[in-house]
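Okay, here's what each chain looks like letter by letter:
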Amino acid sequence: MSDSNLIDGRAIAAEVHESTGARVAALRERGVVPGLVFIRVGEDPASQVYVGMKERMSAKLGIQSTTHVLAGDAPEAELLALIEKLNADAAVHGILVQAPLPRHIDGARVYSAVAPGKDVDGFHPVNMGKLVLGDPSGFVPCTPAGVHELLVRSGVPVAGAEVVVLGRGNIVGKPLAALLMQKAPHADATVTVCHSRSRDIAAHCRRADILVAAMGVAEFVKADMVKKGAVVIDVGVNRVDDPAAPKGYRLVGDIDFAAIRPVAGRITPNPGGVGPMTIAMLLQNTVRSAEAATAARA
Ligand code: GUN
């Protein structure tokens, strides 16, 4: 089969980066350097990789990024104090606390501590609330925003479409459902959210015009769960043991890509689908925050 049914996340992310880079240049011309701070707690290997990718892309676009690494056993109070300091720092336009956090830290308290106007992750209750209410002044979480942008820029009709989202997590499934059901251009979908207690998930999936897999189970979605011609978006990143692989494991998504590709109308590769879009939306949110802070000062 040709490449024609692949949704190229890297190419679409590059389009978004181009426009973000131009906005950064315009800000810099006015003497404003967009500033983004990453906070990692502990040495989760996947988080190290993700934050590293975000740092490199920030630098490429002219966004000034700084990373704070706290010890894995750092008290929650230390993290909250750092966030408070960054909230008050006018050079910081975006603050991202990389998930997952160690168990002794209350994520809800941490994400609520980030100033909503600097919450480029969109995890603060105010931003989540605005998303649910359809108020576009908030920040939308980056992975759902990236999935939406992929659909829109690929010309996939969303209005009226049957969308099935697998997974109800706060980072992807829940905000994505809110975003796609919105009464708004490129939204207006009929959204079903399936989760670990859903009955007959396969039957729900087979009705989907757009199927988004974000439940974090390796290759959960099989070809017989996909309607012919459906658009399939794979958000999953799962480690599976593979003694033959150099690291002893390999990364797979939430869908059986090889079997589904011939059935799907459009499909995201993984890697190279949703992942690059998450970073693109993060940096777009950061520039928007810098623009807003500058406008408020003018
Ligand atoms: N971990 C996995 N995805 C994300 C994300 O979008 N933001 C943060 N902060 N952590 C994550």
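Heads up: the structure comes first, above all this text.
Conventions used here
Residues numbered from 1 in each chain as written. Predicted model: local features only at pLDDT ≥ 70, side-chain atom pairs only at ≥ 80, totals over all residues. Heavy atoms only, no water. Buried < 20%, exposed > 50% of the residue type's maximum accessible area, 1.4 Å probe, protein only. Helix = DSSP H or I, 4+ residues; strand = E, 2+ residues; numbered from the N terminus. Pairing = 2+ DSSP bridges. Right-handed = clockwise from strand over helix to strand, strands pointing away. 1 Å grid on protein atoms, 1.4 Å probe; cavity = no way out; pocket = protein on both sides within 12 Å on 5 of 7 lines; lining within 4 Å. Points joined across faces, edges and corners; volume = space filled by probe spheres on them. Nonpolar A, V, L, I, M, F, W, Y, C, P; charged D, E, K, R; others polar. Patch = residues over 30% accessible without salt bridge, like charges linked within 9 Å, V, L, I, M, F, W, Y side chains within 5 Å. Areas by Shrake-Rupley, 256 points an atom, 1.4 Å probe, with all protein chains shown as cover. Salt bridge = Lys/Arg side-chain N within 4 Å of Asp/Glu carboxyl O. Contact = heavy atoms within 4.5 Å. Axes fitted to C-alpha atoms, helices over the stretch in contact; angles between N-to-C directions. Phe/Tyr/Trp six-rings, centres within 6.5 Å; stacked < 30°, edge-to-face > 60°. Lys NZ or Arg CZ within 6 Å of the ring centre and 35° of its normal.

*Asks:* Just to check I follow, could you spell out the pairing of strand β4 (residues 162-166) for this structure?
*Replies:* Consecutive residues of a regular strand have side chains that alternate between opposite faces of the sheet. Of all five residues in β4, four are buried, a share of seventy percent or more. Relative to strand β5 (residues 190-194), β4 runs parallel, the two being bridged by five bridges. Residue pairing for β5: Leu 166 is matched across the bridge by Cys 194. At this point the chain moves from β4, through helix α7 (residues 173-181), to the parallel β5, and the crossover so formed is right-handed. Here β4 runs beside strand β6 (residues 210-213); their pairing, made up of four bridges, is parallel. When the sheet's bridge partners are listed, Val 163 is paired in β6 with Ile 210.

*Asks:* Teacher, can you tell me more about empty space enclosed by the protein here?
*Replies:* In this structure the tally under the stated criterion is one cavity of 30 Å³ or more. The space that makes up the largest cavity amounts to roughly 40 Å³. Split by residue class, the lining of the largest cavity holds two nonpolar, three polar and two charged.

*Asks:* Can you help me understand a nonpolar patch on the surface in this one?
*Replies:* Together, Val 49, Tyr 50, Met 53, Val 237 and Leu 251 make up a nonpolar patch on the protein surface, roughly 430 Å² of accessible area in all. With three residues, helix α2 (residues 45-61) is the single largest residue contributor to the nonpolar patch. Mapped onto the fold, Val 49 is located in helix α2. On the basis of relative accessibility, which here comes to 47%, the residue Val 49 falls in the partly exposed class.

*Asks:* Is there a simple way to explain the sheet that holds β5 in this structure?
*Replies:* Spatial strand order, β5-β4-β6-β7-β10: five strands in an open sheet with parallel pairing. On the outer flanks of this sheet lie β5 and β10 (266-267), each paired with one strand and no other. Against the sheet, α7 engages β4, β5 and β6, with an angle of about 170 degrees to β5.

*Asks:* I tried to follow the packing of aromatic side chains on my own but got confused; where do I start?
*Replies:* Aromatic rings considered in pairs are described by the distance between their centres and by the relative angle of their planes. Inspection of every chain in the model, using the stated rule, returns one aromatic pair. Aromatic pair Tyr 111 and Phe 123: ring centres 5.0 Å apart, planes at 80 degrees, arrangement edge-to-face. You can see Tyr 111 sitting in helix α4 (residues 107-113) and its partner Phe 123 sitting in the loop between α4 and α5 (125-133), a full 12 residues away along the chain. Like Tyr 111, the residue Phe 123 is buried in the burial classification. Taking the ring centre of Tyr 249 as reference, the NZ or CZ of Arg 239 above it sits at 3.9 Å.

Keep in mind that these numbers describe shape and distance, not what the molecule does.
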